[in-house]
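A closer look at the structure
Take a look at the letters that make up each chain.
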Amino acid sequence: MTALEIIPYPHPTLRHKSKSIKRVDKELKNVIREMFELMYDARGIGLAANQVDLPLRVFVINTTGDPDQKDEERVFINPVIDSPKGKSEAEEGCLSLPGILGMVARPAQIHVSAYDLSGNTVDFVADGLLARVIQHEYDHILGVLFIDRLSESARRQLDQELEAFVLDMDNLRATGKFLDDEKIGQRLAVIESKYC
Ligand code: NI
């Protein structure tokens with residue numbers, strides 16, 4: 001698991017439903033550190049393991065997006081979300097869909113429980129931006145993207161831009177940059193057998 005990079009839509013790992021992690025070793029801790037760095041480099045505020053081509057139930061968040069604000073860094077391992085309350089609509093983007101923005105309606109408040117990197121339980125009620133980012137990243141580990149949650153008309157307006165991503169992926173595969181679906185599946189299965 002060296003040299004992680006953020007994979008773009010429509011890479012198939014983005015549609016993979018991640019399994020729970022059973023062990024956290026030094027290598028996985030390094031992966032999570034690297035996920036923060038990739039997120040900061042891309043000017044994001046959240047990143048899920050699927051987005052770095054890993055089939056694991058983990059995501060990282062720093063809603064400030066500021067690498068100097070380490071105390072704002074949050075790691076969610078095997079997260080569970082429940083008790084959704086209210087409704088809020090706001091614009092979202094995604095590091096796997098650079099340049100694409102859309103309005104997404106989500107519960108305004110959620111309860112989340114998870115484990116952090118030290119194995120401690122994380123358990124709290126989130127609202128505002130943090131609730132939105134947690135839900136966006138949680139979707140990722142289920143294989144769901146924010147474009148799946150757009151209204152039909154909003155989604156249709158993005159058709160051409162999304163088609164351009166599909167063509168780019170075809171080209172990247174033709175150059176050998178990304179594996180074919182079968183090899184990607186095999187690779188994910190190896191990682192799952194190690195951590196899940
Ligand atoms: Ni995203």
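Rules and cut-offs
Residues numbered from 1 in each chain as written. Predicted model: local features only at pLDDT ≥ 70, side-chain atom pairs only at ≥ 80, totals over all residues. Heavy atoms only, no water. Donors = N, O, S within 2.8 Å, 3.2 Å for Na, K, Ca; no water. Helix = DSSP H or I, 4+ residues; strand = E, 2+ residues; numbered from the N terminus. Buried < 20%, exposed > 50% of the residue type's maximum accessible area, 1.4 Å probe, protein only. Pairing = 2+ DSSP bridges. Axes fitted to C-alpha atoms, helices over the stretch in contact; angles between N-to-C directions. Contact = heavy atoms within 4.5 Å. Salt bridge = Lys/Arg side-chain N within 4 Å of Asp/Glu carboxyl O. Expected span 1.5 Å × (residues − 1). Patch = residues over 30% accessible without salt bridge, like charges linked within 9 Å, V, L, I, M, F, W, Y side chains within 5 Å. Areas by Shrake-Rupley, 256 points an atom, 1.4 Å probe, with all protein chains shown as cover. Lys, Arg positive; Asp, Glu negative; His and termini not counted. Charge placed at Lys NZ, Arg CZ, Asp CG, Glu CD. Core = buried A, V, L, I, M, F, W, Y, C linked by side-chain atoms within 4.5 Å.

A closer look at the coordination of the nickel ion
- Only C94 (SG), H136 (NE2) and H140 (NE2) from the protein coordinate the nickel ion, and they sit 2.1 to 2.3 Å from it.
- Sequence spacing of the donors to the nickel ion: C-x41-H-x3-H. Placement of C94 in the loop between strand 4 (88-92) and strand 5 (102-106) and of H136 in helix 2 (residues 128-141) is noted, with a sequence separation of 42 residues between them.
- Owing to a relative accessible area of 9%, C94 belongs among the buried residues under this scheme.
- H136 sits in the buried class, given a relative accessible area of 7%.

Details of the sheet that holds strand 1 (residues 46-48)
- Strand order in the open sheet made by the five strands is 1-2-3-6-7, with antiparallel pairing throughout. Each edge of the sheet is formed by a strand with only one pairing partner; in this case those strands are strand 1 and strand 7 (121-127). Along the sheet, successive strands turn relative to each other by an average axial angle of 35°, direction set aside.
- Where strand 2 (residues 58-61) lies against strand 3 (residues 74-85), four bridges are found, and the strand directions are antiparallel. The residue of strand 3 that forms the bridge with V60 is V75.
- Sheet contacts for helix 1 (residues 26-41): strand 1, strand 2 and strand 3; angle to strand 2, the most-contacted strand, approximately 45°.

Comments concerning the pairing of strand 5
- Only one face of strand 5 is buried: it carries G102, V104 and R106, and the other face, with M103 and A105, is open.
- Direction of pairing for strand 4 relative to strand 5: antiparallel, over a ladder of five bridges. Looking across to strand 5, one finds that E91 is bridged to M103.

Let's talk about the pattern of salt bridges
- Within this structure, the stated rule accounts for 17 salt bridges.
- The salt bridge involving E92 is made with R106; its shortest N-O contact spans 2.7 Å. Highlighted residues: E92 in strand 4 and R106 in strand 5, separated in sequence by 14 residues.
- Overall, E92 belongs to the buried group, its relative accessible area being 4%.
- With its nearest N and O atoms 3.3 Å apart, the salt bridge here joins R156 to E152.

Describing helix 1
- Spanning 16 residues, helix 1 covers 23 Å between terminal C-alpha atoms, matching the ideal 22 Å at 1.5 Å per step.
- Turning to helix 1, its buried residues are L28, V31, I32, M35, F36, L38, M39 and Y40.
- Packed against the buried residues of helix 1 are strand 1, strand 2, strand 3 and helix 5 (181-195).
- Backbone geometry just downstream of helix 1 places R43 in the positive-phi region, at approximately 60°.

Topic: a negative patch on the surface
- The grouping of D159, E163, D168 and D170 at the surface amounts to a negative patch.
- Positionally, D168 belongs in helix 4 (residues 159-174).

Examining the environment of D71
- By the secondary structure assignment, D71 is in the loop between strand 2 and strand 3.
- Taking the C-alpha atoms as reference, D71 lies 17 Å from D123; in sequence the two are 52 residues apart.

Some details on the nonpolar core
- One finds I32, L54, L56, V58 and V60 to be the most contacted residues of the largest nonpolar core, which totals 21 residues.
- Of all the secondary structure elements, the ones that give two or more residues to this core are helix 1, strand 2, strand 3 and helix 5.
- The element contributing the most residues to this core is helix 1, with eight residues.
- Residue contacts for I32: discarding those within four places in its chain leaves V58, V60, V75, I77 and L117.

Nothing here speaks to function; it is geometry throughout.
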